[in-house]
Amino acid sequence: MSNTDLATNRIMARQNGIVQPLLTDLYQITMAYAYWKSGKVNDVAVFDLFFRTNPFQGEFTIFAGLEECLKFLQNFHYSDSDIEYLMQILPDNIEPEFFAYLKDLTCKDIKLSAIEEGSVVFPRVPLLRIEGPLIVAQLLETTLLTLVNFASLMATNAARYRMVAGKNVSLLEFGLRRAQGPDGGLSASKYAYVGGFDGTSNVLAGKMFNIPVKGTHAHSFVTSFSTLDDITSVMLRHADSLEQYNMLELSLEWRKRISSIIDVSPEEASDGELAALMSYAIAFPTGFLALVDTYDMKRYNIQGLRHGQRMNGHSGYNSNCGTNVTRISNSTVIRSTYGYSTVERTLRSGLLNFCAVALALNDCGYRAVGIRIDSGDLAYLSVLARSTFEQIAEVFKLPWFSKLTIVASNDINEETILSLNEQGHKIDCFGIGTHLVTCQRQPALGCVYKLVEVNGQPRIKLSQDVGKVTIPGHKEAYRLFGADGHALIDLLQRSSEPAPIIGQKVLCRHPFQESKRAYVIPSKVEHLYKVYWSDGGICISPKPLSEVRERVQSSLRTLRQDIKRNLNPTPYKVAVSDDLYNFIHDLWLQNAPIGELS
């Protein structure tokens, strides 16, 4: 093993955290003892880890969590304290020799084959295939499931957000405070990045996983300033000349100059807000991105409502997308469904103060980054802000000002972004938290871990629910591509069968419906499994997170658009070979009990 591999292994071990053999269900330990007691120590098993249904009412899933599974195998060992604890909680009749057996267990005899992390995957196709001693393979079940389930669900959720947002809009994960505990928060940040997000607010995730860290300030920073007298430092050195400039004087002067351009009187603006934004700009002159909705977000001309109409909710509109207020075309002309000027005073203080400070920064040789809007009608407000920036850019001959970044947050979900797209928003970046990190639309993927072979003999789980019948035996998986270059079908075969050949006809069958079958002539054949762990070590080193992230997007590009669409997507086909089909149904008949009528 090279020095590089050793360094990689040390890093992986250091990041493993609480993932250890006791992070499991008790019944794995009790089964292990029953196996041991029954003389099954030398039995060799094959387990498949797979899922039955795609999440979020979609037709694809992103596989993630493989690197963490390899870390787990690498560090699998029961410590002295683990053994002492198990001796306390297990019945007194457990033989001492069993604990000695557990103490010496490692994963040196386990072989793990997997689909490449970051790949698009589908129901019934095993993500992991685990081969080795029955007892050890059984003890791995719960931990492997917990490492793959949430990781894949989270990466899939993030990938769906990336698709609806489009490639030209940045996505930031802001969900740590709403995540399911610290471990959930770290995992969410990691796999949101894998799925296509551009950065996170989570500082520890940035350190651990080398994810870009982004953030501005909260409303509390703005409200902590009441008047201009709260400012203790007003001077800023010019970026080039290093000459000292008075930012307060510059900001007040600019506020007065631009007030007539954007039709907002300086008297309408909050001095406390100006003090806060100016202080933040002095602290971060090269990264000034300000929250601008602390004041004047919800001043309405209630008399503008038509007779008989009622305000919906607490503020008369849906705060995410302004459903009851505005529909926006590419034009900046905005009309309210509630009548004349319902939102005529929105963002006045924040935009005026931000623009004043941004222009003062420009006098000092710096360029502001942009604004964040955290409430209100995001489509309307983004168009209003962009129009304001363009006006100032034109008047003062500052082309860059029209391109200032507009960040939107506020409980955004997938449907919100789709609605905002329809309304012609001008948002450059979405900060997304709760709906992303908690996967509110579907909180679990539902991966399962099933025994498919013992000592070379296939095993099948039968059920009245055909969806829960397992596909037995040691299998290989292939992805067959059509003439247009898109993935056409995933094919499961018995491992003893020859691989499909490009240009040659392959009979593909539904695993349980006899009449569903079709011939496929593949233009390309991709073998999905690689051996990642064998003989006690990693065979293929995990790729950096950035490369796994790229893999997600390249893998998604292999799917037709109708499979990826948000509404009524086309199901992707998963089939079995003719040989495997017959094998399944022969084994089914052999194992199914024969009823008796009387």
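Structural data are supplied above this passage.
Residues numbered from 1 in each chain as written. Predicted model: local features only at pLDDT ≥ 70, side-chain atom pairs only at ≥ 80, totals over all residues. Heavy atoms only, no water.

A. Representation of the packing of aromatic side chains in the model. What the rule picks out here adds up to 19 aromatic pairs. Note on Tyr 33 and Trp 36: the rings are 5.8 Å apart at their centroids and 25 degrees apart in plane angle, and the pair reads as stacked. Separated by three residues within a single helix, Tyr 33 and Trp 36 lie in helix α2 (residues 26–37), roughly one turn from each other. Its relative accessible area of 10% is what places Tyr 33 among the buried residues. A relative accessible area of 17% means that Trp 36 is categorised as buried. Ring centres 5.5 Å apart and planes at 80 degrees place the aromatic pair Phe 76 and Tyr 78 in the edge-to-face group. For the pair shown, Phe 76 and Tyr 78 are each scored as buried. Taken together, the ring pairs connect Tyr 33, Trp 36, Phe 98, Phe 99 and Tyr 101 into an aromatic cluster. The aromatic ring of Phe 583 is capped on one face by Arg 494, whose charged end is 3.7 Å from the ring centroid. Taking the ring centre of Tyr 519 as reference, the NZ or CZ of Lys 505 above it sits at 4.8 Å. (Phe/Tyr/Trp six-rings, centres within 6.5 Å; stacked < 30°, edge-to-face > 60°. Helix = DSSP H or I, 4+ residues; strand = E, 2+ residues; numbered from the N terminus. Buried < 20%, exposed > 50% of the residue type's maximum accessible area, 1.4 Å probe, protein only. Lys NZ or Arg CZ within 6 Å of the ring centre and 35° of its normal.)

B. Expanded view of the nonpolar core. Counting residues in each nonpolar core, the largest one holds 166 residues, and the members touching the most others are Phe 354 and Phe 401. The element contributing the most residues to this core is helix α7 (residues 141–165), with 13 residues. Both domains that furnish three or more residues to this core are identified here as domain 1 (3–179 + 442–591) and domain 2 (216–406 + 419–426). In contact with Phe 354, other than residues within four places in its own chain, are Leu 277, Phe 288, Ala 290, Val 292, Ala 368, Gly 370, Ile 371, Phe 389 and Leu 404. Tyr 478, Ile 489, Val 520 and Ala 575 belong to the second-largest nonpolar core, a separate cluster that totals eight residues. (Core = buried A, V, L, I, M, F, W, Y, C linked by side-chain atoms within 4.5 Å. Domains from an automatic or database assignment. Contact = heavy atoms within 4.5 Å.)

C. Spotlight on the pattern of salt bridges. With the rule as written, the count across this model stands at 27 salt bridges. Notably, a salt bridge pairs Lys 530 with Glu 116, separated by 3.8 Å at the nearest N-O pair. Of this pair, Lys 530 sits in strand β21 (residues 530–534) while Glu 116 sits in the loop between β3 (111–114) and β4 (120–121), placing them 414 residues apart in sequence. Among the residues examined, Glu 116 registers a relative accessible area of 14% and is labelled buried. Beyond isolated ion pairs, a larger network of salt bridges with shared partners links Glu 116, Glu 526, Lys 530, Lys 543 and Arg 551. (Salt bridge = Lys/Arg side-chain N within 4 Å of Asp/Glu carboxyl O.)

D. Representation of the sheet that holds strand β14 (residues 448–454) within the structure. Pairing within the open sheet is antiparallel, and its seven strands lie in the order β15-β14-β1-β5-β3-β21-β22. Of all the strands in the sheet, the pair left with one neighbour each is β15 (457–458) and β22 (537–538). In this sheet, strand β5 (residues 128–133) lies alongside strand β1 (residues 44–50) in antiparallel orientation, the contact comprising six bridges. Looking at the pairing, Leu 49 lines up with Leu 128 of β5. Against the sheet, helix α3 (residues 66–74) contacts β3, β5, β21 and β22, and its axis sits at roughly 25 degrees relative to β21. Along the sheet face, α7 touches β1, β5 and β14 and points at about 135 degrees away from the line of β14. (Pairing = 2+ DSSP bridges. Axes fitted to C-alpha atoms, helices over the stretch in contact; angles between N-to-C directions.)

E. Seen up close, a nonpolar patch on the surface. Together, Leu 26, Tyr 85 and Ile 89 make up a nonpolar patch on the protein surface, roughly 290 Å² of accessible area in all. Position of Tyr 85 among the secondary structure elements: in helix α4 (residues 80–89). Classification of Tyr 85 as partly exposed rests on a relative accessible area of 43%. (Patch = residues over 30% accessible without salt bridge, like charges linked within 9 Å, V, L, I, M, F, W, Y side chains within 5 Å. Areas by Shrake-Rupley, 256 points an atom, 1.4 Å probe, with all protein chains shown as cover.)

F. Local environment of helix α12 (residues 271–283). Spanning 13 residues, α12 covers 18 Å between terminal C-alpha atoms, matching the ideal 18 Å at 1.5 Å per step. For α12, the buried fraction is high: 11 of the 13 residues fall into the buried class. Those residues of α12 not exposed but buried are Gly 272, Glu 273, Leu 274, Ala 275, Ala 276, Leu 277, Met 278, Ser 279, Tyr 280, Ala 281 and Ile 282. Buried positions along α12 lie against α10 (219–223), β8 (235–237), α11 (247–259), β10 (289–291) and α13 (348–363). (Expected span 1.5 Å × (residues − 1).)

G. Looking closely at empty space enclosed by the protein. If you walk through the whole model with that rule in mind, you get one cavity of 30 Å³ or more. Lining the largest cavity are Asp 48, Phe 50, Arg 124, Pro 126, Thr 470, Ile 471, Lys 475 and Leu 492. Here the lining of the largest cavity is composed, by residue class, of four nonpolar, one polar and three charged. (1 Å grid on protein atoms, 1.4 Å probe; cavity = no way out; pocket = protein on both sides within 12 Å on 5 of 7 lines; lining within 4 Å. Points joined across faces, edges and corners; volume = space filled by probe spheres on them. Nonpolar A, V, L, I, M, F, W, Y, C, P; charged D, E, K, R; others polar.)

H. Here's a closer look at unusual backbone geometry. In this structure, Phe 56 is a non-glycine residue whose phi angle is positive, near 60 degrees. By the secondary structure assignment, Phe 56 is in the loop between β1 and β2 (61–62). Under the relative-accessibility criterion, Phe 56 is labelled buried at 2%. At Asp 535, a residue that is not glycine, the phi angle is positive and equals roughly 55 degrees. Note on placement: Asp 535 falls in the loop between β21 and β22.

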